Amino acid sequence: QQSNVTSFSATALAIITLEAFAGMWINAFLVCVLCIAWVKKKALNSNEKILLLLGCCRFCYLCTSWVYHFLSIIYPNYLFVHPAFQLTVFFQSFSNCFNLWVSACLCVFYCIKIANFRNSCFIYLKVKTDRIVPWLFLSSVFSALAIAIIAYSVAETVHNDSHNFTCLGNFWEASVRMDKYLFPFYFLMGFGYAAPFMAVIFSAVFLLFSLWRHKCKMQTNSMNSLSVDAHIRAMKSILSFLVMYSINFLCLILTIVYAKKNENTMTLLIFIYLYAFPGVHSLILIFINPKLEKALLKILSCVKCK
C-alpha cells in the first residue's frame, strides 16, 4: 500500500510539474512580448496593461502552487512547519484570488469598451475607461490581500491546534476544530471566487445583448460595420473564460468535498484541470490578440526551422 501511495504521488507530481511549467512558459511569453512592446512604444493601452498584469499574476500563481505541491509531496517535513506553511498558503491564496479578479477585470473592460448602450452611466464609464482600470487593479489587490491575510490566520490557527491535539493524542477533537476553522475560510474563498464569476457573467450578458441589438440595427439599415467583428472577438474571449471559469469554480468546490473524503484519484483529476486553467486561458487570449498571435507564430516558425 505504501508503494502504491508513493507511485501515485510521483505520478501526480509529474503531471502537475508538466502543466505548471507549460503554463509558466505561456504566461512568460505573454509578459515578454508586452514588455518589449512597452519599451518600443514607451506606452501601453489599457487592454495591454490588463494582459500584462494577468500574465504576471498567473506566472506567480503557478510558481507558488508548484512549490507548495512539490514540498508537500517530496519534503513535507520542511513545509508543514511554522512559518513556511502559513506563508505558502498566504502567497498561494493571494495569487489565485488576484488572478481571478484580474481576469474578471479584463472581461469587464471588454464589455465597457465594446458594448453600445445609450445609458448615461455606461457612456461615462466608456469615456473614463482608462482612468477606471487602475482602480480596478487596486480593488483586486485589496480583495486578494484580504483573503490571503485571512487564509494566513486560519492556517496559523489550524497548524497550532493540530499540533497541540496531536501531541495530546486526541485526533477526533483536532479534526472537529479544523472543520470549525476551515468552514468560514472555505465560505470566504467561495465568495472571493463567486464575485469575479458574477462579473464575468454580467459582462457576457451585456455584450451578447449589445451584439444582438447591433446586428438588428445593421439588418434594418442594410449596412456593414466593423463593430460586429469587435463584438465577436470580445465574445470569444469572454465566453471562453466563462466556460473555463465555470468548470474551475466547480473544481474548487469539488476540491473541498473530495479532500475531506481522501479520494486521491478524483483530487488529482481536479488539480490537473486547476493547473491547466491559467495556461490554456492565456493561450486563448494570445490567439485572440493579433499582435500576440503573430509573435507566437513567428517564434514557433523559428523553432521549427532550427
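What you are looking at is a predicted structure, and each value in this text was computed from that prediction instead of being measured.

Reading guide: rules and limits
- Residues numbered from 1 in each chain as written.
- Predicted model: local features only at pLDDT ≥ 70, side-chain atom pairs only at ≥ 80, totals over all residues.
- Heavy atoms only, no water.
- Salt bridge = Lys/Arg side-chain N within 4 Å of Asp/Glu carboxyl O.
- Buried < 20%, exposed > 50% of the residue type's maximum accessible area, 1.4 Å probe, protein only.
- Helix = DSSP H or I, 4+ residues; strand = E, 2+ residues; numbered from the N terminus.
- Phe/Tyr/Trp six-rings, centres within 6.5 Å; stacked < 30°, edge-to-face > 60°.

Enquirer: Lay out the pattern of salt bridges in plain terms, naming residues and giving numbers.
Expert: For the structure on display, the rule yields 2 salt bridges. Salt-bridge contacts for E48 lead to K41; the nearest nitrogen and oxygen are separated by 3.3 Å. Residue E48 is classed as buried on the basis of its relative accessible area of 5%. Overall, the relative accessible area of 44% leaves K41 in the partly exposed class. Among the salt bridges present, the one from E48 reaches K291, with a minimum N-O distance of 2.7 Å. In this pair, E48 sits in helix α2 (residues 46-74) while K291 sits in helix α10 (residues 290-305), placing the two residues 243 residues apart along the sequence. For K291, a relative accessible area of 38% gives the class partly exposed.

Enquirer: Any details on the packing of aromatic side chains? Residues and values, ideally.
Expert: Across all of its chains, the model carries 7 aromatic pairs by this definition. Ring centres of W25 and F29 lie 6.1 Å apart, and the angle between their planes is 10°; this geometry places the pair in the stacked category. Pair noted here: W25 and F29 are both in helix α1 (residues 2-41), with a separation of 4 residues, about one helical turn. With a relative accessible area of 47%, W25 lands in the partly exposed category. The class of F29 is buried, set by a relative accessible area of 6%. Note on F109 and Y110: the rings are 6.2 Å apart at their centroids and 50° apart in plane angle, and the pair reads as tilted. Since its relative accessible area comes to 12%, Y110 is described here as buried. Through a chain of ring-to-ring contacts, three or more aromatic side chains come together here, namely F21, W66 and F70.

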